[in-house]
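# Examining the three-dimensional arrangement
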There are 2 protein chains.
Amino acid sequence: MPTNIPDIVIGRLPVYLRALSRLLQEGQEVTSSHELGQRLGISSAQIRKDLSHFGGFGKQGTGYQIAYLVEQLRQVLKVDQEWEVALVGAGDLGSALAHYKGFTNRGFRIAYVFDSSPDKVGKKLGDFPIRPMSELQQIVRDNGIKIAMIAVPAEKAHEVANQLIEAGIRAILNYAPINLNVPSNVHVQYIDPVLHMQRMTYYLA
Amino acid sequence: MPTNIPDIVIGRLPVYLRALSRLLQEGQEVTSSHELGQRLGISSAQIRKDLSHFGGFGKQGTGYQIAYLVEQLRQVLKVDQEWEVALVGAGDLGSALAHYKGFTNRGFRIAYVFDSSPDKVGKKLGDFPIRPMSELQQIVRDNGIKIAMIAVPAEKAHEVANQLIEAGIRAILNYAPINLNVPSNVHVQYIDPVLHMQRMTYYLA
């Protein structure tokens, strides 16, 4: 596996994987950097350059075999396996995440759900029993879970993140509208719809 | 207002605004690019450079007046007003969005909710009556709505986007796991948690 791939390139690979998986679903077998670029609004040169970091996957003039490219991208991104995910927060957002069907076949499965509210603990969220925060660290450790989603209010997010990291979590998807300070060996990605919307209103007349 | 600000800079302004609003909430009045950088994991030089595009807002050595900077950033991002937002899709995700309290005071208010399912139309989602898709274009036009969220399945997203754009929507937050082809005068931002998680698994051992 090559190293020192720019993070911005890594960030585009899941976008390619998603588009290619969709083409495959639609029954297509071969595509080109041109076609993919059209679908994604990314230049074909950029796509070829990005994929060349990993050997290129395609032969000049014959296009990409989609199934093969999908398999290769899954390996590169390490989603040719299924990662168990711990979800912290069983409110409206946590509930939507627990019910979300989009994780299936893309490398992830919510395996455990935690909440601090005595009203929620012990109840079920979809198929998941809602577990107390007191069990979080033990369960994460015992099951070697590396990925967590934080769906708690902003003021609780840092404390939750610290507990998760102490128990061995190395990747956090943070839905709380706050930046987390984490050690350099922990990866954090953020989802805050307002940030995306504010980025667009700048351009509106 | 300056033009030709790189989009990557625009993308960071909402992050600054969020952190500064939080400092203000915590009762702080003055901050520095150093402190802000520490909170955000962004270099203080980057922050000063980004803000200098808009006049700088700060005086050398005295730091930033947070309330003033917040007000200026709100104006730059055009969220010193409240934008009405149309939400399409009243499933689990749409429901979580309709209940989400994080839009308040950040420039947005979901004003209308639409769904195509006869089972849902006419019912209520929180405070919102769920309206049929047949009313979408008229309501968007009559109310001059410019921003929409798409929370429908992937296979329906393009059709919904086309309807929205035809009615005058110019900014779309797309939760459907698919890239949208839109005219150049329409802005699209994407939220797909799996893309973020796949970006992190690459780095996991």
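See above for the structure.
Read on for an overview of the structure. (Residues numbered from 1 in each chain as written. Chains lettered and ligands numbered in written order. Predicted model: local features only at pLDDT ≥ 70, side-chain atom pairs only at ≥ 80, totals over all residues. Heavy atoms only, no water.)

Before going further, it helps to spend a moment on the overall build of chain A. Helices and strands together make up the secondary structure of chain A, namely eight helices and nine strands. With respect to the principal axes defined by its C-alpha atoms, chain A has extents near 60 × 45 × 35 Å. Going through the 205 residues of chain A one by one, you find that 53% of them count as buried. Of the roughly 9600 Å² of accessible surface on chain A, a fraction of 48% belongs to carbon and sulfur atoms. One way to put it: in chain A the 21 positive side-chain charges average out to a point 5 Å from where the 19 negative ones average out. (Helix = DSSP H or I, 4+ residues; strand = E, 2+ residues; numbered from the N terminus. Buried < 20%, exposed > 50% of the residue type's maximum accessible area, 1.4 Å probe, protein only. Areas by Shrake-Rupley, 256 points an atom, 1.4 Å probe, with all protein chains shown as cover. Lys, Arg positive; Asp, Glu negative; His and termini not counted. Charge placed at Lys NZ, Arg CZ, Asp CG, Glu CD.)

Now for the packing of helix H2 (residues 33-40) of chain A against helix H3 (residues 44-52) of chain A. Residues and elements named next belong to chain A. Interhelical geometry of H2 versus H3 gives an angle of 115° and a closest axis separation of 8 Å. The angle between H2 and H3 falls in the class roughly perpendicular. Taken as a pair, H2 and H3 cross one another with a handedness that is right-handed. Residue-level contacts link Ser33, His34, Leu36 and Gly37 of H2 to Ser44, Ile47 and Arg48 of H3. Tallied by class, residues from the contact of H2 with H3 come to two nonpolar, four polar and one charged. (Axes fitted to C-alpha atoms, helices over the stretch in contact; angles between N-to-C directions. Parallel < 35°, antiparallel > 145°, perpendicular 65-115°, else oblique. Left-handed = near helix turned anticlockwise from the far one by under 90°. Contact = heavy atoms within 4.5 Å. Nonpolar A, V, L, I, M, F, W, Y, C, P; charged D, E, K, R; others polar.)

A side chain of one charge can pair with a side chain of the opposite charge if their charged atoms are brought near each other. Enumeration over the complete set of coordinates arrives at 18 salt bridges over all chains. One salt bridge in this structure joins A:Asp50 and A:Arg12, with 2.6 Å as the shortest N-O distance. In this pair, A:Asp50 sits in helix H3 while A:Arg12 sits in helix H1 (residues 7-25), placing the two residues 38 residues apart along the sequence. Across this residue pair, the class does not change: A:Asp50 and A:Arg12 are buried. When the shortest N-O distance is used, the salt bridge between A:Glu71 and A:Arg74 registers 3.6 Å. Residue A:Glu71 and its partner A:Arg74 are located together in helix H4 (residues 66-76), separated by three residues, close to a single helical turn. Taking relative accessible area as the criterion, A:Arg74 reaches 24% and is therefore assigned partly exposed. When salt bridges with common partners are traced through the structure, they connect A:Arg18, A:Arg106 and B:Asp192 into a single cluster. (Salt bridge = Lys/Arg side-chain N within 4 Å of Asp/Glu carboxyl O.)

Between the two copies, chain A and chain B, the superposition gives an RMSD of 0.0 Å; the rotation angle is 180° and the shift along the axis is 0.0 Å. The two molecules are tied by a two-fold rotation axis, judged by turn and shift. Among all residues of chain A, the minimum C-alpha distance to the rotation axis is found for A:Ala96, at 3.1 Å. The share of interface residues of chain A whose copies in chain B are also at the interface is 100%, consistent with both copies meeting through the same surface. (Least-squares fit on C-alpha atoms with pLDDT ≥ 70 in both.)

This part is about the packing of H1(A) against H4(A). Residue and element names in this part refer to chain A. The geometry of H1 relative to H4 is characterised by a closest axis approach of 9 Å and an angle of 145° between their N-to-C directions. As H1 packs across H4, the resulting crossing turns out to be left-handed. Facing H1, whose interface residues are Leu13, Tyr16, Leu17, Leu20, Ser21, Leu23 and Leu24, H4 presents Ile66, Ala67, Leu69, Val70, Leu73, Arg74 and Val76. Residue composition of the contact of H1 with H4, by class: twelve nonpolar, one polar and one charged.

A few words now on the sheet that holds strand E3 (residues 83-88) of chain B. Residues and elements named next belong to chain B. Spatial strand order, E5-E6-E4-E3-E7-E8-E9: seven strands in an open sheet with mixed pairing. In this open sheet, the two edge strands, each paired with only one partner strand, are strand E5 (124-125) and strand E9 (187-190). Both E3 and strand E4 (residues 108-115) contribute to a ladder of six bridges, which runs parallel. Note that in E4 the partner of Glu84 across the bridge is Arg109. (Pairing = 2+ DSSP bridges.)

Moving on: the pairing of strand E3 (residues 83-88) of chain A. All names here are of chain A. Within E3, five of the six residues are buried, leaving the element largely enclosed by the surrounding structure. Following the chain from E3 across helix H5 (residues 92-99) to the adjacent parallel strand E4 (residues 108-115), one finds a crossover that is right-handed. One ladder, built from four bridges, connects E3 with strand E7 (residues 147-150); its direction is parallel. The partner of Val85 across the bridge, within E7, is Ile147. (Right-handed = clockwise from strand over helix to strand, strands pointing away.)

Taken together, the contact pairs 63 residues of chain A with 63 residues of chain B. Of the roughly 6100 Å² buried between chain A and chain B on both sides combined, carbon and sulfur atoms contribute 62%. If you sort the residues of chain A by the area they bury against chain B, A:Arg18, A:Arg199 and A:Tyr202 come out on top, with a joint share of 13%. On inspection of chain A and its partner chain B, the count reaches six salt bridges. For the interface between chain A and chain B, the tally reads 20 residue pairs in polar contact (both at pLDDT 80 or more). Taken together, the elements giving at least two residues each to the side of chain A that touches chain B come down to H1, H2, H5, E7, helix H7 (154-166), strand E8 (171-174), strand E9 (187-190) and helix H8 (193-201) of chain A. (Buried area = accessible area lost by both parts, 1.4 Å probe. Polar contact = N/O pair within 3.5 Å; in protein donor to acceptor, adjacent residues only side chain to side chain.)

Before going further, it helps to spend a moment on the side chain of B:Gln198. The residue B:Gln198 is located in helix H8 (residues 193-201) in this model. On the basis of relative accessibility, which here comes to 2%, the residue B:Gln198 falls in the buried class. At a separation of 3.0 Å, a polar atom in the side chain of B:Gln198 contacts the main-chain carbonyl oxygen of A:Arg106. Apart from the residues lying within four places of it in its own chain, the contact partners of B:Gln198 are A:Pro14, A:Leu17, A:Leu77, A:Val79, A:Arg106 and A:Phe108.

Spanning 19 residues, H1(A) covers 28 Å between terminal C-alpha atoms, matching the ideal 27 Å at 1.5 Å per step. The element H1(A) is largely enclosed, with a buried count of 14 among its 19 residues. (Expected span 1.5 Å × (residues − 1).)

Moving on to the packing of aromatic side chains. Under the criterion given, the structure shown has four aromatic pairs over all chains. With a centroid separation of 4.9 Å and an interplanar angle of 85°, the aromatic rings of B:Tyr100 and B:Phe103 are classed as edge-to-face. Sitting over the face of the ring of B:Tyr202, A:Lys78 holds its NZ or CZ atom 6.0 Å from the ring centroid. (Phe/Tyr/Trp six-rings, centres within 6.5 Å; stacked < 30°, edge-to-face > 60°. Lys NZ or Arg CZ within 6 Å of the ring centre and 35° of its normal.)

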